[in-house]
2 protein chains.
Amino acid sequence: MGVNFSFEVAKTDAVGARRGLLATPHGTIETPVFMPVGTAATVKGLTQEALEQLGASIILANTYHLYLRPGHELIRQLGGLHQFMSWRRPILTDSGGYQVFSLAELRKITDEGVRFRSHLDGSEHLLSPEKAAEIQLALGSDIAMVLDECIETPAPRDKAEAAVRRTTEWAKRARNYVRECARRNGEIRQWQFGIVQGATFSDLRRESARQVAELDFPGYAVGGLAVGEPHAMTCDMTGEVAALLPADRPRYLMGVGRPEQLADYVTLGIDMMDCVLPTRAARHACLYTSEGRVLIKNARYAHDRRPIDPACACSVCRRYTRAYLRHLFAAGELTAAILATHHNVHFYLDIMRQIREAIEFGNLAKFSSEMHARYVAGPV
Amino acid sequence: MGVNFSFEVAKTDAVGARRGLLATPHGTIETPVFMPVGTAATVKGLTQEALEQLGASIILANTYHLYLRPGHELIRQLGGLHQFMSWRRPILTDSGGYQVFSLAELRKITDEGVRFRSHLDGSEHLLSPEKAAEIQLALGSDIAMVLDECIETPAPRDKAEAAVRRTTEWAKRARNYVRECARRNGEIRQWQFGIVQGATFSDLRRESARQVAELDFPGYAVGGLAVGEPHAMTCDMTGEVAALLPADRPRYLMGVGRPEQLADYVTLGIDMMDCVLPTRAARHACLYTSEGRVLIKNARYAHDRRPIDPACACSVCRRYTRAYLRHLFAAGELTAAILATHHNVHFYLDIMRQIREAIEFGNLAKFSSEMHARYVAGPV
């Protein structure tokens, strides 16, 4: 495990934000990176050509969804996820755990794994650490996540403790499963990342980080955050964990965040992020701009000849007006979601470009405070 | 009326099919042409960039929809429909009549016009020949249609007779309204087409054609066909009318047709067509191919690694498999409609390219019979 993979920190700023290069068999990613979410082997509303045009260097796909439909065996038979969806750049898959906990019915969790019913047809399934790894090997993603135990927030301490213990146990089993596969079948072109849990307890977070780091994964994720707790708490926990994870491995904060928060996480040493926010908000007519959110259905935009964001260079802002976008949303047109998604994903990827540049020039703090000011002061 | 406009027949084949060039202020159109339908100032699922890439040389927009939402005055204030939707090529608008008859509630038709309630909010409106012309002038389409009386099929003879009489009266009023506008405001950069009615009565069709042709429009449409009658009847009526319309003016058969029927209409001397079929069918997972329809949701395509149409050169067929398209439709993904619409519109525009070439080489009859054979014999 590891051929064609590498991670290299090119520059670390005064507070610990890093620029790096993450190489995979499907291409090299500049970090810090934002990964658009392509749940069911598509980023909703964007073709793969559009994602390439936008400069997305890696996307995330959801193992839970693909396992249930169309099925990982079908995708394996068709040459893996890259070939199935005709996406030639890197893909990260989650373990499916988070979706089982948030979408599926009748979950029953034991040391073996988590038993659940599909939200699609009610069929019963068992997701174990080995199964989650097996599915992701079939999908052939560049980066796979171990199965972890996700718990609700706020969590009682004893439950958080048990989840940390189980998450470490499962991480070990997932790692051993893939090692065994490699021993039997030869080289595996996939990196497997461990996940740190621990809810909102600093000492549990630290303990989890130590335990998982000991398992020597090529990269580490921080899970179970940004699930309802205040942003300051997310930052506290992320900082505690990042400080304990090996500096030469990529750090991935799962499921974040709002536009103005991205730089905060990078400041804490995070290299990778993903979030449905830019795509989901776009479909709900919420557009992100350099001056804050634009709720484009608002009547004030009916005659507005300006682009969504006058400071934006995306192909939507170069061509279409707010008045037109507002009309498309009012009329419930498909094209509204296409254009809005394109813009929002561009906006997120552009923030990351600016963040990487700010690290280079040592002014990430300034960029971060400006983003916060705009998103508090800007029009809603 | 007429500056920057012209129509020139470049070649007529042995049976009367023509190739021509229709020049407008927004560009020149090669005829015969198929016009994708952009009802509410967007072709559902396609950006304007995609339409350009597909080679759409003219699109159709619906006056009824744009009048109700966002309103023609708003579009006028924003610089007209081309600027509103950022489409620089020609646009044809219908009169709104057909939609009033098919979508609106509580229609009441008098010599004055047609009174109706909006299907959106129940508000009451009067669409008169003058009003339909005024709205289209505000939209600034390159080609506008006169308001005609659309009747149900099959229609009793007396009703069809009355509709022919009223259609001619209304055409005269629409023409005079625009002439009066031109006299008062100077040059109008819009061509206005007359419409022939007459249901399925040959003599009424001929009478209507004679009456409308006498009004000396720069182009003529055949309306009220392809509304449920057999294809042979559509062809009979179209043939009767086309023979009586001036050979030096474009002829537009409204609302047609199925892929295998397009060449039949061209054979009868038709130069322009429009239809929601390629776009609507795409959204319902019905894909058109050189071998017939592919209902892509069918389980037989789950493992199918072929493109939608192996003979197709569109960007969707060059990149994606049937298995992937089937998955996207099964998962209800937005991207399914985007890719399917792109392919179907390419397929229609490509048929027209082949038809124009067949006219050039004098083998349209062969092309037509091959299309019919494929669409009867091909997989459904």
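See the structure shown above.
The structure displayed is predicted, hence computed values, not measured ones.

> Hey, could you go over the overall build of chain A for me, with residue numbers and the actual values?
The helix and strand tally for chain A stands at 15 helices and 16 strands. For chain A, whose C-alpha radius of gyration is 20 Å, the value lies close to the compact-globule estimate of 21 Å for 380 residues. The proportion of buried residues among the 380 residues of chain A is 59%. Across chain A, contacts joining residues at least 24 apart in sequence account for 66% of those joining residues at least 6 apart. For chain A, the computed accessible surface area is about 14200 Å², with 49% contributed by carbon and sulfur atoms.

> Now, about the sheet that holds strand β13 (residues 251-253) of chain A: what can you tell me, with residues and values included?
Residues and elements named next belong to chain A. If you trace the eight strands from one edge of the open sheet to the other, you get β4-β14-β13-β12-β11-β10-β6-β5, paired in parallel fashion. Single-partner strands in this sheet number two, and they are β4 (33-36) and β5 (59-61). Pairs of neighbouring strands in the sheet enclose a mean axial angle of 25°, with direction left out of account. Bridge count between strand β10 (residues 143-145) and strand β11 (residues 191-196): three bridges; the pairing is parallel. Across the sheet, residue M145 finds its bridge partner in β11, namely F193.

> Describe the packing of aromatic side chains, listing the residues and the values that go with them.
The description of an aromatic ring pair rests on the distance of the ring centres and on the angle between the ring planes. Evaluated as defined, the whole model comprises 20 aromatic pairs over all chains. Here F34 of chain B and Y348 of chain B contribute two aromatic rings whose centre-to-centre distance is 4.8 Å and whose plane-to-plane angle is 55°, an arrangement assigned as tilted. Of the two residues, F34 of chain B sits in strand β4 (residues 33-36) while Y348 of chain B sits in helix α13 (residues 334-361), which places them 314 residues apart along the sequence. Just as F34 of chain B is buried, Y348 of chain B falls in that class too. One aromatic cluster is present, formed by F34, Y288, F347, Y348 and Y375 of chain A through successive ring pairs. Sitting over the face of the ring of F201 of chain A, R157 of chain A holds its NZ or CZ atom 5.5 Å from the ring centroid.

> Outline the packing of helix α8 (residues 202-213) of chain B against helix α9 (residues 231-244) of chain B, supporting the account with residue identities and numerical values.
Residue and element names in this part refer to chain B. With their axes 9 Å apart at the nearest point, α8 and α9 run at an angle of 30° to one another. Put simply, α8 runs roughly parallel to α9. The chirality of how α8 crosses α9 is right-handed. Only M237, E240, V241 and L244 of α9 make contact with α8, whose side of the interface consists of S202, R205, R206, A209 and R210. Here the contact of α8 with α9 is built from residues that sort into four nonpolar, one polar and four charged.

> How would you summarise the relation of the copies chain B and chain A if you had to cite specific residues and measurements?
Of the transformation superimposing chain B on chain A, the axial component is 0.0 Å and the angular component is 180°, with the fit at an RMSD of 0.0 Å. What we have between these two chains is a two-fold relation. When each C-alpha of chain B is compared by its distance to the rotation axis, L334 of chain B comes out closest, at 3.9 Å. Of the interface residues in chain B, 100% have counterparts in chain A that sit at the interface too, so the contact is made through matching surfaces.

> Hey, could you go over the pattern of salt bridges for me, with residue numbers and the actual values?
Inspection of every chain in the model, using the stated rule, returns 60 salt bridges over all chains. The closest approach of N and O atoms between E124 of chain A and R117 of chain A, which form a salt bridge, is 3.8 Å. The partner of R76 of chain B in a salt bridge is E73 of chain B, and the shortest N-O contact between them spans 3.0 Å. Of the two residues, R76 of chain B and E73 of chain B both sit in helix α3 (residues 72-77), three residues apart, roughly one turn of that helix.

> Help me get a handle on the interface of chain B and chain A, residues and values and all.
On the side of chain A, 42 residues touch chain B, which itself brings 42 residues to the contact. Counting each side, the surface lost to burial between chain B and chain A is near 3600 Å², with a carbon and sulfur contribution of 54%. The largest per-residue losses of area from chain B upon contact with chain A belong to R319, H327 and L334 of chain B, which jointly make up 19% of the total buried on that side. Our count for the chain B to chain A interface comes out at four salt bridges.

> Tell me about α9 of chain B, and please be specific about residues and values.
Residues and elements named next belong to chain B. Its 14 residues place the ends of α9 20 Å apart at the C-alpha level, agreeing with the 20 Å of an ideal helix rising 1.5 Å per residue. All of the buried residues along α9 are T234, C235, M237, T238, V241 and A242. Looking at the buried residues of α9, the elements they touch are β11 (191-196), α8, β12 (219-222), β13 (251-253) and α10 (262-267).

> Describe the packing of helix α6 (residues 129-139) of chain B against helix α7 (residues 157-185) of chain B, naming the residues involved and giving the relevant values.
The relative placement of two packed helices comes down to the angle between their axes together with the axis-to-axis distance. Residues and elements named next belong to chain B. Contact geometry for α6 and α7: axes closest at 8 Å, N-to-C directions at 45°. Regarding the angle of α6 to α7, the classification is oblique. Handedness of the α6/α7 crossing: right-handed. Counting all contacts with α6, which are made through P129, E130, A133, E134 and L137, the residues of α7 involved are W170, R173, A174, Y177, V178 and C181.

> Account for the environment of S95 of chain B, naming residues and giving values.
Residue and element names in this part refer to chain B. Structurally, S95 can be placed in the loop between β6 (91-93) and α5 (97-102). The class of S95 is buried, set by a relative accessible area of 4%. Through-space distance from the C-alpha of S95 to that of T63 is 5.9 Å; in sequence the pair is 32 residues apart. If sequence neighbours within four positions are ignored, S95 has contacts with T63, L127, A132, Q136, M145, V146, L147 and D148. A distance of 3.1 Å separates the side chain of S95 from the backbone nitrogen of G97, its partner in a polar contact.

> Lay out the pairing of strand β2 (residues 18-24) of chain A with the relevant residues and their values.
Residue and element names in this part refer to chain A. The buried fraction of β2 is high, at six of seven residues. Sheet topology places strand β1 (residues 6-12) next to β2; six bridges connect them, and they run antiparallel. Across the sheet, T12 pairs through a bridge with R18, a residue of β2. Counted along the chain from β1 to the antiparallel partner β2, the turn is five residues long, and its residue G16 has a positive phi close to 115°.

> Could you give an account of α8 of chain B, with specific residues and numbers?
Residue and element names in this part refer to chain B. Between its first and last C-alpha atoms α8 spans 16 Å; for twelve residues at 1.5 Å apiece the expected length is 16 Å, and the two agree. When we look at burial in α8, the residues that qualify are L204, R205, S208, A209 and V212. All buried residues of α8 project into a common sector of 135° when viewed along the axis, lining one side. The secondary structure elements touched by the buried residues of α8 are α7, β11, β12 and α9.

> Tell me about the side chain of S128 of chain B, and name the residues and values.
Residue and element names in this part refer to chain B. Counting through the fold element by element, S128 comes out in the loop between β9 (124-127) and α6. With relative accessibility at 10%, the residue S128 sits in the buried group. Apart from residues lying up to four places away in sequence, S128 is in contact with E112, G113, L147 and R173.

> Which residues make up the state of the cysteines, and what are the values?
Applying the stated criterion across every chain yields a total of zero disulfides over all chains. Free cysteine: C314 of chain A, not disulfide-bonded; nearest cysteine sulfur from C312 of chain A at 3.7 Å. Looking at C314 of chain A, the relative accessible area reads 2%, which means it is buried. For C317 of chain B, which is in no disulfide, the shortest distance to another cysteine sulfur is to C312 of chain B and amounts to 3.8 Å.

> Give me the lowdown on the sheet that holds strand β7 (residues 105-109) of chain B, citing residues and values where you can.
Within a sheet, adjacent strands bond to each other through the backbone by hydrogen bonds, running parallel or antiparallel. All names here are of chain B. Pairing is antiparallel in the open sheet, where three strands are placed in the order β7-β8-β9. Looking at the sheet topology across the chains shown, the edges are occupied by β7 and β9. With direction set aside, neighbouring strand axes in the sheet form an average angle of 20°. For β7 and strand β8 (residues 114-117), the ladder comprises three bridges, and the chain directions are antiparallel. Looking at the pairing, I109 lines up with V114 of β8.

Rules used in this analysis
- Residues numbered from 1 in each chain as written.
- Chains lettered and ligands numbered in written order.
- Predicted model: local features only at pLDDT ≥ 70, side-chain atom pairs only at ≥ 80, totals over all residues.
- Heavy atoms only, no water.
- Helix = DSSP H or I, 4+ residues; strand = E, 2+ residues; numbered from the N terminus.
- Rg over C-alpha atoms; globule rule 2.2 N^0.38 Å.
- Buried < 20%, exposed > 50% of the residue type's maximum accessible area, 1.4 Å probe, protein only.
- Contact = heavy atoms within 4.5 Å.
- Areas by Shrake-Rupley, 256 points an atom, 1.4 Å probe, with all protein chains shown as cover.
- Pairing = 2+ DSSP bridges.
- Axes fitted to C-alpha atoms, helices over the stretch in contact; angles between N-to-C directions.
- Phe/Tyr/Trp six-rings, centres within 6.5 Å; stacked < 30°, edge-to-face > 60°.
- Lys NZ or Arg CZ within 6 Å of the ring centre and 35° of its normal.
- Parallel < 35°, antiparallel > 145°, perpendicular 65-115°, else oblique.
- Left-handed = near helix turned anticlockwise from the far one by under 90°.
- Nonpolar A, V, L, I, M, F, W, Y, C, P; charged D, E, K, R; others polar.
- Least-squares fit on C-alpha atoms with pLDDT ≥ 70 in both.
- Salt bridge = Lys/Arg side-chain N within 4 Å of Asp/Glu carboxyl O.
- Buried area = accessible area lost by both parts, 1.4 Å probe.
- Expected span 1.5 Å × (residues − 1).
- Polar contact = N/O pair within 3.5 Å; in protein donor to acceptor, adjacent residues only side chain to side chain.
- Arc of directions from axis to C-beta.
- Disulfide = S-S within 2.5 Å.

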